[in-house]
Amino acid sequence: MTNSSEFTDVLQSRDPCVSNGIVINIDPIDPEPTPIRKEFICENTYRHHEHQGNSEGFKTLTAFLCLMLSAFLNFFLLTVIHDVVPREPLPDLTFMIIPQQRWAWSVGDVLSTVSSIVAFTIIFLHHQRWIVLRRTFILGAIMYGLRAVILGVTFLPPSFHNRDEICQPQVNRTAMYGMEIATRFLTYVITLGLTSGQDKILCGDLMFSGHTVVLTIMYFVQLQYTPRGLVILRYIAAPITFLGIGALVVSGGHYTMDVLIAYWLTSHVFWSYHQIFEMKKEDRPQAPLSRLWWFWLCYWFESDVSDGKLVNKWSWPLEGPQKMHSIMNRINLKLQ
């Protein structure tokens with residue numbers, strides 16, 4: 001004899017909302033059969049999915065706000081650091097071997113943009129797009145939060161050899177200094193930190209490279225969430241990533257240690273995050289990685305996500321046209 005809760009679970013797994021009618025519930029305590037209308041089961045099922053959808057949207061918005069907070073803190077710190085960093089560059093092995101090429105900074109910006117477009121396209125086509133998008137936001141927030149702490153405690157001199165031609169002049173703290181800071185901050189917010197089109201830029205946000213963080217997260221998103229049949233995309237993403245990182249150093253915009261530390265730290269945080277949150281939920285708090293400082297923050301974001309690795313299937317993100325859903329179904333069959 002099956003108790004009522006187990007019987008209801010079986011009914012829900014078979015999708016009783018497909019047809020009309022009633023279900024007979026037999027409770028071992030009360031042998032009298034009790035009719036349960038399928039409309040009642042359907043209503044509870046839809047309410048569950050609606051609640052889960054609202055929760056996913058709220059958590060994704062929260063993760064995005066965390067990312068914006070970390071990014072804006074980085075922008076603000078740069079506006080202040082620019083006027084206090086020393087001006088004599090540190091020796092760097094790459095600069096001793098390869099002369100600095102200013103044009104390479106634009107290459108780094110372009111490759112960062114290309115990698116981001118590809119990664120976000122994969123995210124929005126993923127059938128669990130809200131989960132993947134939220135993870136991308138929160139990982140970016142963690143990395144830029146760490147970067148803000150490091151920027152605020154140690155000031156490295158600009159890495160450009162011709163720094164006087166590239167860096168904006170330092171200003172004294174006068175009565176108009178607050179307006180200068182506000183103008184700089186607004187400029188960086190509008191341009192999202194992309195400075196390749198500016199004649200002169202603010203200097204000092206070096207350790208560690210924010211461009212490398214973006215390139216690395218976008219690269220790992222493509223590795224982790226691309227369907228198996230698009231493995232060729234991973235081989236395209238790798239040279240884009242590492243050429244972009246190399247361009248940042250060759251341009252003189254970053255020391256070699258800036259990009260190395262950014263890549264290593266981002267890779268550790270990204271894969272640690274996925275390793276721990278692909279475990280069973282009951283095992284996560286006892287795992288060694290749960291001692292990481294960001295674990296409990298991320299634990300809330302992942303509380304409604306099922307155990308294990310996400311299945312990399314694609315779906316059309318909009319309700320219509322219906323033809324696109326059919327096309328995506330055929331693409332999934334070829335990509336798995």
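As annotated in an unreviewed UniProt entry, the protein carries the name Sphingomyelin synthase-like domain-containing protein and is attributed to Caenorhabditis nigoni. UniProt lists a comment for the protein under the heading Subcellular location (unreviewed entry), and it reads "Membrane". Per its UniProt entry, the protein bears the Sequence similarities (unreviewed entry) comment "Belongs to the sphingomyelin synthase family."

Examining the environment of I245
Following the sequence through the fold, I245 ends up in helix α9 (residues 231-250). A relative accessible area of 10% places I245 in the buried class. A C-alpha to C-alpha distance of 9.5 Å links I245 and T256, two positions eleven residues apart in sequence.

Topic: the state of the cysteines
As enumerated under the stated definition, the model contains one disulfide in all. The residue that forms a disulfide with C167 is C203, at a sulfur-sulfur distance of 2.0 Å. Handedness of the C167-C203 disulfide follows from its S-S torsion of about -100 degrees: it is left-handed. Of this pair, C167 sits in the loop between α6 (163-166) and α7 (177-191) while C203 is found in the loop between α7 and α8 (210-225), placing the two residues 36 residues apart along the sequence. Neither C167 nor C203 differs from the other in exposure class; each is buried. The structure places no disulfide on C298, whose sulfur is separated from the nearest cysteine sulfur, that of C66, by 9.2 Å.

Notes on the side chain of S290
By secondary structure assignment, the location of S290 is in the loop between α10 (256-277) and α11 (295-301). For S290, the side chain forms a polar contact with the side chain of R291, separated by 2.9 Å. Excluding residues that lie within four positions of it along the chain, S290 makes contacts with I276, R284, P285, F295 and W296.

Focus: α8
Helix length check: α8, at 16 residues, gives a terminal C-alpha distance of 22 Å against a target of 22 Å (1.5 Å per residue), a fit within 8%. Of all 16 residues making up α8, 14 are buried, and the element is well covered by its neighbours.

Side note on the UniProt feature "transmembrane region" (unreviewed entry) in the protein
UniProt annotation of "transmembrane region" (unreviewed entry) refers to residues 61-82, 102-125, 137-156, 206-225 and 231-250 when read in the numbering used here. Helix makes up 96% of residues 102-125 and strand 0%. Its end C-alpha atoms lie 36 Å apart. Each end of residues 206-225 is marked by a C-alpha atom, and these two atoms are 30 Å apart; helix forms 80% of the span and strand 0%.

Focus on the packing of aromatic side chains
Geometry of an aromatic ring pair is reported as the spacing of the ring centres plus the angle between the planes. Following the criterion strictly, the structure yields 20 aromatic pairs and no others. Seen from their ring centres, F58 and W300 are 6.1 Å apart, and the 85 degrees between their planes marks the pair as edge-to-face. With F58 in helix α2 (residues 38-81) and W300 in helix α11, the pair connects residues that are 242 residues apart, well separated along the chain. For W300, a relative accessible area of 37% gives the class partly exposed. Considering the side-chain rings of F242 and Y263, the 5.6 Å spacing of their centres and the 55 degrees angle between planes classify their relative orientation as tilted. Of this pair, F242 sits in helix α9 while Y263 sits in helix α10, placing them 21 residues apart in sequence.

Remarks on the packing of α8 against α9
If you want to describe how two helices pack, look at the angle between their axes and the distance between the axes. Where α8 contacts α9, the two axes come as close as 10 Å, and the packing angle between them is 175 degrees. When the interaxial angle is binned, α8 and α9 end up roughly antiparallel. Within the contact between the two elements, α8 uses H211, T212, L215, T216, Y219, Q222 and L223 and α9 uses L233, R234, A237, A238, I240, T241, F242, G244, I245 and L248.

Structural notes on the packing of helix α5 (residues 129-153) against α10
At a closest axis distance of 11 Å, the pairing of α5 and α10 adopts a crossing angle of 140 degrees. The pairing of α5 with α10 is recorded here as oblique in orientation. The element α5 and its partner α10 pack so that their crossing is right-handed. Counted together, R135, I138, L139, I142, M143 and L146 of α5 and L265, T266, V269, F270, Y273, H274 and F277 of α10 form the full contact between these two elements. Tallied by class, residues from the contact of α5 with α10 come to ten nonpolar, two polar and one charged.

Conventions used here
Residues numbered from 1 in each chain as written. Predicted model: local features only at pLDDT ≥ 70, side-chain atom pairs only at ≥ 80, totals over all residues. Heavy atoms only, no water. UniProt positions renumbered as here; feature names shortened; annotations may be inferred. Helix = DSSP H or I, 4+ residues; strand = E, 2+ residues; numbered from the N terminus. Buried < 20%, exposed > 50% of the residue type's maximum accessible area, 1.4 Å probe, protein only. Disulfide = S-S within 2.5 Å. Polar contact = N/O pair within 3.5 Å; in protein donor to acceptor, adjacent residues only side chain to side chain. Contact = heavy atoms within 4.5 Å. Expected span 1.5 Å × (residues − 1). Phe/Tyr/Trp six-rings, centres within 6.5 Å; stacked < 30°, edge-to-face > 60°. Axes fitted to C-alpha atoms, helices over the stretch in contact; angles between N-to-C directions. Parallel < 35°, antiparallel > 145°, perpendicular 65-115°, else oblique. Left-handed = near helix turned anticlockwise from the far one by under 90°. Nonpolar A, V, L, I, M, F, W, Y, C, P; charged D, E, K, R; others polar.

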